[in-house]
Amino acid sequence: MVFSGGEAFKGAGAPSLKSEVSVTSNSNRVILDSQELNAASGPFNLCCAQAYSRFTELKRVKLHPGNMTKERDDVESCSANVYKGVQSSCLDQFEAVKACLSDNPDEWAKCASARRELEVCSVRNNLGELKKA
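Note that the structure is predicted; figures quoted are calculated from it, not measured.

Draft legend 1. Region of interest: the overall build of the protein chain. Per the secondary structure count, the protein chain includes five helices and zero strands. Sequence separation of at least 24 residues holds for 75% of the intrachain contacts in the protein chain that already meet a minimum separation of 6. Carbon and sulfur atoms form 53% of the exposed surface of the protein chain, whose accessible area is close to 8,800 Å².

Here you go:
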């Protein structure tokens, strides 16, 4: 076999896009800055565990991203719902975490108790997937 250069872009395990895949638009989105994303990461992980787990597993098996539209939309939708729930039900705890992370950029361990309070509030309010349980 002669190497033509095209092989460099196609590994033996390279994912392929299914021909019937269509890209959907998820209208339930929020745009977060890094501070908000870091502060909300605990509630996201707790309240969207199934969606995150499914998406991560498909990435692990190297499924083509175009074939993961439903799973990506599930992650985005759940995360948006949790964020909106945090804003309406746990705003004081969320702001405390953001402030703590901002005040301690190199020592986030100091924010563990504030993070815990936000996580407890998120679970108590049945945010994200917990609402269905």
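Read on, since the account is not over.
Draft legend 2. Structural context of the packing of aromatic side chains. Under the defined criterion, the tally for this structure stands at one aromatic pair. Plain terms: the ring middles of Tyr83 and Phe94 are 5.8 Å apart, the flat faces sit at 85° to each other, and that makes the pair edge-to-face. With Tyr83 in helix H3 (residues 69-89) and Phe94 in helix H4 (residues 91-103), this residue pair connects regions lying eleven residues apart in the sequence. Like Tyr83, the residue Phe94 is buried in the burial classification.

Draft legend 3. Layout of helix H1 (residues 34-47). With 14 residues, H1 should cover 20 Å at 1.5 Å per step; its first-to-last C-alpha distance of 19 Å lies within 8% of that length. If you check which residues of H1 are buried, you get Glu36, Ala39, Ala40, Gly42, Pro43, Phe44 and Cys47. If you follow the buried residues of H1, they end up packed against helix H2 (49-60), H3, H4 and helix H5 (112-124). Put simply, Asp33 is the residue that caps the front of H1, since its side-chain oxygen is 3.1 Å from the backbone nitrogen of Gln35.

Draft legend 4. View of the nonpolar core. Core analysis: the biggest nonpolar cluster contains 19 residues, and Val82, Val86, Phe94, Val97 and Leu118 have the highest contact counts within it. Broken down by secondary-structure element, the contributors of at least two residues to this core are H1, H3, H4 and H5.

Draft legend 5. Region of the structure containing the pattern of salt bridges. The full count for this structure, using the stated rule, is six salt bridges. Put simply, Glu71 and Arg54 hold a salt bridge, and the shortest N to O gap is 3.8 Å. Of the two residues, Glu71 is situated in helix H3 and Arg54 in helix H2; the sequence distance between them amounts to 17 residues.

Draft legend 6. Here's a closer look at the state of the cysteines. Across all of its chains, the model carries three disulfides by this definition. Through a disulfide, Cys90 is tied to Cys121; the S-S separation comes to 2.1 Å. With the S-S bond torsion at -90°, the cross-link from Cys90 to Cys121 turns out left-handed. Of this pair, Cys90 sits in the loop between H3 and H4 while Cys121 sits in helix H5, and the two are 31 residues apart along the sequence.

Draft legend 7. Expanded view of H4. In a regular helix each residue adds 1.5 Å, so 13 residues correspond to 18 Å; H4 covers 18 Å between its end C-alpha atoms and thus fits that length. The set of residues buried in H4 consists of Phe94, Val97, Lys98, Cys100 and Leu101. Along H4, the residues classed as buried sweep out an arc of 165° about the axis, all on the same side. Facing away from the buried side of H4 by more than 90 degrees, the exposed set consists of Asp92 and Asp103.

Procedures and definitions
Residues numbered from 1 in each chain as written. Predicted model: local features only at pLDDT ≥ 70, side-chain atom pairs only at ≥ 80, totals over all residues. Heavy atoms only, no water. Helix = DSSP H or I, 4+ residues; strand = E, 2+ residues; numbered from the N terminus. Contact = heavy atoms within 4.5 Å. Areas by Shrake-Rupley, 256 points an atom, 1.4 Å probe, with all protein chains shown as cover. Phe/Tyr/Trp six-rings, centres within 6.5 Å; stacked < 30°, edge-to-face > 60°. Buried < 20%, exposed > 50% of the residue type's maximum accessible area, 1.4 Å probe, protein only. Expected span 1.5 Å × (residues − 1). Polar contact = N/O pair within 3.5 Å; in protein donor to acceptor, adjacent residues only side chain to side chain. Core = buried A, V, L, I, M, F, W, Y, C linked by side-chain atoms within 4.5 Å. Salt bridge = Lys/Arg side-chain N within 4 Å of Asp/Glu carboxyl O. Disulfide = S-S within 2.5 Å. Arc of directions from axis to C-beta.

Note that all results are geometric; they support no functional claim without further evidence.
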